[in-house]
Amino acid sequence: MTDERRNGNGPVTSIVTKTKPRVKKPSMYKVLLLNDDYTPMDFVVIVLQKYFRKSHEDATRIMLHVHQRGVGICGVFPYDVAESKVVQVVEFARQNQHPLQCTMQSA
């Protein structure tokens, strides 16, 4: 924002003021994998490594959690990222003829 003032016949003086915008943190969403009786465990590990950048150990731990408890958290992301990951996982599963379900819910 600039405020220009003239001093008589002299030069124009400008005053620049800075305002700090208040940025609201985006709402976060959990991306969840749901257990089913058909998707191979190895495929779930691949999904977790490929789309959520999990190490083999972390991916295996999450996959076992999903297998034993029926649902597991893959990660927490802003809405757009979470939605994109859900779509990518479901498409990849369908391309590989697996019924794996991936959803999101607010964190």
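All values reported here derive from a predicted model rather than from experimental measurement. (Residues numbered from 1 in each chain as written. Predicted model: local features only at pLDDT ≥ 70, side-chain atom pairs only at ≥ 80, totals over all residues. Heavy atoms only, no water.)

Draft legend 1. Up close: the packing of aromatic side chains. One pass over the full model with this rule turns up 4 aromatic pairs. Their ring planes at 75 degrees and their centres at 5.2 Å tell us that tyrosine 29 and tyrosine 79 sit as a pair that is edge-to-face. Remark: tyrosine 79 occurs in helix α3 (residues 79-95) and tyrosine 29 occurs in strand β3 (residues 28-34); sequence separation between them is 50 residues. We classify tyrosine 79 as partly exposed; its relative accessible area is 38%. An angle of 15 degrees between the planes, with centres 5.2 Å apart, marks the rings of phenylalanine 43 and phenylalanine 92 as stacked. With phenylalanine 43 in helix α1 (residues 41-52) and phenylalanine 92 in helix α3, the pair connects residues that are 49 residues apart, well separated along the chain. Take phenylalanine 43 and phenylalanine 92: they sit in the same class, and that class is buried. Among the aromatic side chains, those forming a connected cluster through ring pairs are Phe43, Tyr51 and Phe92. Over the aromatic face of phenylalanine 52 sits the side chain of lysine 85, whose NZ or CZ is 5.5 Å from the ring centroid. (Phe/Tyr/Trp six-rings, centres within 6.5 Å; stacked < 30°, edge-to-face > 60°. Helix = DSSP H or I, 4+ residues; strand = E, 2+ residues; numbered from the N terminus. Buried < 20%, exposed > 50% of the residue type's maximum accessible area, 1.4 Å probe, protein only. Lys NZ or Arg CZ within 6 Å of the ring centre and 35° of its normal.)

Draft legend 2. Local environment of α1. Helix length check: α1, at 12 residues, gives a terminal C-alpha distance of 16 Å against a target of 16 Å (1.5 Å per residue), a fit within 8%. Regarding α1, the residues found buried are Phe43, Val44, Val45, Val47, Leu48, Tyr51 and Phe52. Note on α1: the residue one or two positions beyond its end, arginine 53, has a positive phi of about 55 degrees. (Expected span 1.5 Å × (residues − 1).)

Draft legend 3. Fine view of the packing of α1 against helix α2 (residues 56-69). One can describe the packing of α1 onto α2 by two numbers: an axis separation of 9 Å at closest approach and a directional angle of 125 degrees. Viewed along their axes, α1 and α2 adopt a mutual orientation that is oblique. Relative to α2, α1 is oriented so that their crossing is right-handed. When α1 is examined against α2, the residues Met41, Val44, Val45, Leu48 and Gln49 are found in contact with a partner set consisting of His56, Ala59, Thr60, Ile62, Met63 and His67. Of the residues in the contact of α1 with α2, the class split is 7 nonpolar, 4 polar and no charged. (Axes fitted to C-alpha atoms, helices over the stretch in contact; angles between N-to-C directions. Parallel < 35°, antiparallel > 145°, perpendicular 65-115°, else oblique. Left-handed = near helix turned anticlockwise from the far one by under 90°. Contact = heavy atoms within 4.5 Å. Nonpolar A, V, L, I, M, F, W, Y, C, P; charged D, E, K, R; others polar.)

Draft legend 4. Highlighting α3. The end-to-end C-alpha separation of α3 is 24 Å, in line with the 24 Å expected for 17 residues at 1.5 Å each. Among the residues making up α3, those that are buried are Ala82, Lys85, Val86, Val89, Phe92 and Ala93. Considered in projection along α3, the buried side chains sweep an arc of 140 degrees and stay on one side of the axis. Structural note: α3 exposes Asp80 and Gln95 on the side pointing more than 90 degrees away from its buried face. On its buried face, α3 is in contact with β3, α1, β4 (71-78) and β5 (101-106). Of the residues one or two after α3, glutamine 97 is the one with positive phi, at around 60 degrees. (Arc of directions from axis to C-beta.)

Draft legend 5. How the structure looks around the nonpolar core. Formed by 22 residues in total, the largest nonpolar core has its most connected members in Val31, Leu33, Val47, Leu48, Phe52, Val89 and Leu100. Those elements giving two or more residues to this core turn out to be β3, α1, α2, β4 and α3. At 7 residues, α1 tops the list of elements feeding residues into this core. Look past the residues within four positions of phenylalanine 52 in its chain and what remains in contact with it is Val31, Val47, Cys74, Phe77, Lys85 and Val89. (Core = buried A, V, L, I, M, F, W, Y, C linked by side-chain atoms within 4.5 Å.)

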